[in-house]
Structure formats: C-alpha cells, structure tokens
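# Secondary and tertiary structure notes
This is what each chain is made of:
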Amino acid sequence: MTVRRLAEQQPDSFEFTPENRAWCDAQISKYPLGRQASAVIPLLWKAQAQNNYWLPQKAIEKVADMLAMPYIRVLEIATFYSMFNLEPVGRHFVQLCGTTPCALRGANDIKAVLEKRIGEQRHVSADGKFAWLEVECLGACCNAPMVQINDDYFEDLTPELMEKLLDDLAAGRPVKTGSQIGRIGSEPEPGKSDTLTDATLYDGSVVGSWKTRFDEARVAEKLAAEKAAAEKAAAEAANKS
Ligand code: FES
C-alpha cells in the first residue's frame, strides 16, 4: 500500500449535477435517521465518476457536508480505499491486475505494453488520455490476464490485443468489453472444451477418489525411493568387495 495524498492541484469548488444530486438523495434516503453516514461510499463514488474518475478535496468536503460528517472522517475513507483516485487519471484509467493467476497468464507482458505506451504508473500520458496502475485481484481470474478501464473489464488479453485496445480508445473507436477472444463469460477457450473431464473433481458421488489417487501415488513414490536406496546400497557394497 503506497501513501495516498490529495493532488497538489485542486479545483476551487465541486457541486453535484442536479441529476447526480437526486441520485445521492435517493441513496441517503435508504438509511434511517441518524445513519446517513452509511451512504458515504456511494456518494464519494458518484462524485468521482462525475469528476473524470478522481476525487478532489472539494468533493470530499461536499460529501461530508451532505452527510453531516467531519471532513477528516470522509478524508480517511477516501484515502483508505484504493477505489478512490485522489489525482487525475486521464480519460481512460487502466487498472492492471498483477495478482498470481493473472501474472501466470502473462500480466507482466501487458504491464510492459502499458509502460511503453503510457509511461510510469500514476502518471497521466502527455495527451491526457491515459493513466495506469497495477492493482490486486479484480475477480475475473478465469479470464486472466485482464485490466479494468474506467468501469469496464477487458479480459483474455495478449500484448497485441492490449496495444489494439489502447489504439482504439485513443482514436475514439468503439471497443468490445469482456473477453477479447470471443469467450462468453468464463466458458472454455475455443478448442479447449475438455476442462474438468475428471469426474472426481466435481461429482459428489465419487468425492474422495482424488484422495485415494494421491495416496496411491505417494505410496508408489515411497516404494520407488526405497528401491533406489536399496540398489544404491547394493552397488556400494559390491564396489567395496
Ligand atoms: S488474479 Fe487477476 S483477476 Fe484475479
């Protein structure tokens, strides 16, 4: 976890649009009198969405005023959760999952593309269109590697597909969300429909069979090791005589 501070350059004011203000009021009304502070995260989230995906200080203060909370309490929440961006993140904010499943499936290659195309993490590109950040698991491990860009997921990425995605976004072309190789949800990849052919992995009526298999394998390994040790001892004895 890195230190999270408010951006040095701040706007002078923040107001919700009438439409967003009505949305906020609806969220607040969900909670009983005296418990309005429970709406703090949705309100911060809406403020961030309205402000190009980052939270200025004035927005944090606005939310605190609306919920009758001390500024410091809302600031603590905004600085604690990494879902809140405290600095500008460009038009397209790319969050790259770098956790183990994505790492094993090529997240480091995607990271290299982002470094080449956008630059260092936490910096907005020169054209103001992109910024990126490596984050922990985003819950789409079945379709790793993946990135989240603003509110959308882009999955089953390769370096080439990531480059194309950035090209399309930069040019304002429409992009396809979800799997980039045509998978629907997390179905098996085309040509790899033999997932889970071992019934012991999912069939409750044979549960435990996998353990028998592993136990048998362990016994076989032990016997092989004993046999190898006996052969080695016999060879050493033969050499001495
Ligand atoms: S590890 Fe990348 S989405 Fe879960």
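As a reminder, the structure under discussion sits directly above these lines.
## Details of unusual backbone geometry
A cis amide bond, omega -5°, links A144 with the succeeding residue P145. With a phi angle near 55°, A68 is a residue other than glycine that sits in the positive phi range. On the secondary structure map, A68 appears in the loop between helix 3 (57-66) and helix 4 (71-80). A positive phi angle is found at N150, which is not glycine, with a value near 50°. Here N150 lies in the loop between strand 3 (147-149) and strand 4 (152-155).

## Quick notes on the sheet that holds strand 5 (residues 178-179)
Taken in spatial order, the five strands of this open sheet run 2-1-3-4-5, and their pairing is mixed. In this open sheet, the two edge strands, each paired with only one partner strand, are strand 2 (130-135) and strand 5. Relative to strand 5, strand 4 runs parallel, the two sharing two bridges. Residue pairing in the sheet places E155 in a bridge with S179 of strand 5. Docked against the sheet, helix 6 (residues 107-117) engages strand 1 (92-97), strand 2 and strand 3, running at close to 150° with respect to strand 1.

## Topic: the nonpolar core
When a protein is soluble and globular, its nonpolar side chains tend to lie buried together. If you look at the biggest cluster of nonpolar residues, it comprises 24 residues, and the most contacted ones within it are V94, L96, I110, L114, W132, M146 and V147. Those elements giving two or more residues to this core turn out to be strand 1, helix 6, strand 2, strand 3 and helix 7 (159-171). V40, A64, A78 and F84 belong to the second largest nonpolar core, which has 15 residues in total.

## Some thoughts on helix 7
Along an α-helix, a turn takes 3.6 residues, which lines up residues three or four apart on a common side. Here helix 7 contains 13 residues, and its C-alpha end-to-end distance of 18 Å stays within 8% of the 18 Å for a straight helix at 1.5 Å per residue. Here helix 7 has its buried residues at M162, L165 and L166. Seen along its axis, helix 7 keeps its buried residues to an arc of 95°; they face one direction. Seen from the open side of helix 7, the exposed residues pointing more than 90 degrees away from its buried face are E160, D167 and A171. Of the surrounding secondary structure, the elements contacted by the buried residues of helix 7 are helix 6 and strand 4. Two residues or fewer after helix 7 comes G172, characterised by a positive phi angle close to 75°.

## Comments concerning the pairing of strand 4
Inspection of the sheet shows strand 3 paired to strand 4 by three bridges, in the antiparallel sense. Counterpart to I149 in the pairing with strand 4 is D152. Hairpin geometry of strand 3 and strand 4 is characterised by an intervening segment of two residues between the two adjacent antiparallel strands and by a positive phi of about 50° at N150. With respect to chirality, the unit in which strand 4 leads through helix 7 into the neighbouring parallel strand 5 is left-handed.

What counts, and where the lines are drawn
Residues numbered from 1 in each chain as written. Predicted model: local features only at pLDDT ≥ 70, side-chain atom pairs only at ≥ 80, totals over all residues. Helix = DSSP H or I, 4+ residues; strand = E, 2+ residues; numbered from the N terminus. Pairing = 2+ DSSP bridges. Contact = placed C-beta atoms within 7 Å. Axes fitted to C-alpha atoms, helices over the stretch in contact; angles between N-to-C directions. Core = buried A, V, L, I, M, F, W, Y, C linked by C-beta atoms within 7 Å. Buried ≥ 20, exposed ≤ 12 C-beta atoms within 10 Å, placed from the backbone. Expected span 1.5 Å × (residues − 1). Arc of directions from axis to C-beta. Right-handed = clockwise from strand over helix to strand, strands pointing away.

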